[in-house]
Every structure is written in C-alpha cells, then in structure tokens.
Amino acid sequence: MTELAPRVKAVRGRAIDARILSVTLDILRGHGPAAVNIEAVAAKAGIAKTTIYRRYDSREHLLRAAIESSTAEVAIPTDLPTYETFKWLLHDAARMAENMVGRGAAASIILNDHPESNDLMREMIKARSVRLTEFLHERVAAGDLKADLDIGLAATVLLGALFGQLIRGGELDDAWADSVLELLWPGFSA
C-alpha cells in the first residue's frame, strides 16, 4: 500500500496542475489577462490559493505557464494545394485563437491594456507565425505564390483578418475562410 501512495499522489498532482492551467486559460479567453489572478483561478477551480502558490509564485508565472501549456507545434499539411493549405492555415489559426487566446485576450492584445501579459501572448503568436512565414517562403520558391510577395505583410494581413473577425464577434467558419481567401488570393497567387 505504501508503494502505491506516491503514484496516486503524482496522478492527483498532475490533475490539479491541469485544472489550474485549464481554468487560467478559461479566464484569459473570456475576460483577458487583466482578469487572471490567483484568487480568481482558485475560486473558479475550487482549489486553495496556497495550492496554486506552491506551483506558481506569482500571477505572471501562472499566466506564462497557462499560455505555454496551450501552444503546440504546427504541422502544416504538405499534401494539399497551396490554396487549400491557406484555408487549412486560417482554420488552424481560428482554432488557436478561439481555444488558446480567446476573444477577451485578443481584445487585450489590440488595446494593449495589460502590456506584460500581452507580451507573453504576442510571443506565442509570433512563435506560431514563424511556421506561416516559412510556408509562404516555401510556396514562393515553388512558384505557387508571387515571387515579389512581401512575406511579412502577407502574414500580417492573414493574422489581421483573424483578429479583426474575433474583435467584431464574427464567426470563424468555412464561409469566413473562403471570403478571406477570395479577397486575398489574387494578390498572393503567381
């Protein structure tokens, strides 16, 4: 029985860690970084503040851990035509924005009302956009996109379309992705 106790404790600890990070992300997505604090997370998670403080010594560490826990490496499909890959990218970005950043955090980033937290979220967005710019370079080299395409501007326009739709409260669905691509494709394609 004593051999089982450390494993049970470890499983319980991982479950508590996951709950803390999940609740932190829920608050961030719904209300932005200014609403994230140890007290709010503890209350919503049903966990003692001391339990959170044992894991994260500050609100900033908690927020960083939550944001980092929600980021994953993007594996862009290689078997789709360029147009379809763009559509896939828009859907992936929309999923990321809704599930990781959320409308509350997107508004906060644009308004820059909480600079320290916004910097963390910007780092996450930049890390994910690196793969987008690599994809754009690859497709320019392959001749699918205009040789003189301004890669940085193209990435900014795509991200701007996403954040604009989030802020406006619009749907991030197939119709939205199709409309964005219909508008931008003539400027991108070779």
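See the structure above.
Just so it is clear, the model here is predicted, and its values are computed rather than measured.

K.L.:
Looking at this model, I keep getting lost on the packing of aromatic side chains. Mind explaining?
P.N.:
Each aromatic ring pair is characterised by the separation of its centres together with the angle its planes make. Applying the stated criterion across every chain yields a total of four aromatic pairs. Look at Tyr-83 and Trp-185: their rings are 5.1 Å apart centre to centre, the planes differ by 85 degrees, and that puts the pair in the edge-to-face class. Separated by 102 residues along the polypeptide, Tyr-83 in helix α5 (residues 82–111) and Trp-185 in helix α8 (residues 174–188) bring together distant segments of the chain. On the basis of an interplanar angle of 75 degrees and a centroid distance of 5.7 Å, the ring pair of Phe-86 and Trp-185 is categorised as edge-to-face. In this pair, Phe-86 sits in helix α5 while Trp-185 sits in helix α8, placing the two residues 99 residues apart along the sequence. Three or more aromatic residues joined by ring pairs form one cluster here, namely Tyr-83, Phe-86, Phe-135, Trp-185 and Phe-188.

K.L.:
Can you walk me through the packing of helix α4 (residues 59–69) against helix α6 (residues 115–141) in this structure?
P.N.:
Packed helix pairs are characterised by how far apart their axes lie and by the angle those axes make with each other. Close contact between α4 and α6 brings their axes to 10 Å; oriented N to C, the two are set at 20 degrees. Accordingly, the angle class assigned to the pair α4 and α6 is roughly parallel. α6 is crossed by α4, and the crossing has right-handed handedness. Only Glu-116, Ser-117, Leu-120, Met-121, Glu-123 and Met-124 of α6 make contact with α4, whose side of the interface consists of Arg-59, Glu-60, Leu-63, Arg-64 and Ile-67. Each residue belonging to the contact of α4 with α6 can be placed in one class, and the counts come to five nonpolar, one polar and five charged.

K.L.:
Can you walk me through the pattern of salt bridges in this structure?
P.N.:
Close approach of charged atoms lets side chains of opposite charge pair. Taken as a whole and assessed by the stated rule, the structure comprises six salt bridges. Notably, a salt bridge pairs Lys-87 with Asp-178, separated by 2.8 Å at the nearest N-O pair. Remark: Asp-178 occurs in helix α8 and Lys-87 occurs in helix α5; sequence separation between them is 91 residues. For Lys-87, a relative accessible area of 18% gives the class buried. For Asp-178, a relative accessible area of 29% translates into the label partly exposed. Overlapping salt bridges bring together Arg-131, Glu-134 and Glu-138 as one network.

How each quantity is defined
Residues numbered from 1 in each chain as written. Predicted model: local features only at pLDDT ≥ 70, side-chain atom pairs only at ≥ 80, totals over all residues. Heavy atoms only, no water. Phe/Tyr/Trp six-rings, centres within 6.5 Å; stacked < 30°, edge-to-face > 60°. Helix = DSSP H or I, 4+ residues; strand = E, 2+ residues; numbered from the N terminus. Axes fitted to C-alpha atoms, helices over the stretch in contact; angles between N-to-C directions. Parallel < 35°, antiparallel > 145°, perpendicular 65-115°, else oblique. Left-handed = near helix turned anticlockwise from the far one by under 90°. Contact = heavy atoms within 4.5 Å. Nonpolar A, V, L, I, M, F, W, Y, C, P; charged D, E, K, R; others polar. Salt bridge = Lys/Arg side-chain N within 4 Å of Asp/Glu carboxyl O. Buried < 20%, exposed > 50% of the residue type's maximum accessible area, 1.4 Å probe, protein only.

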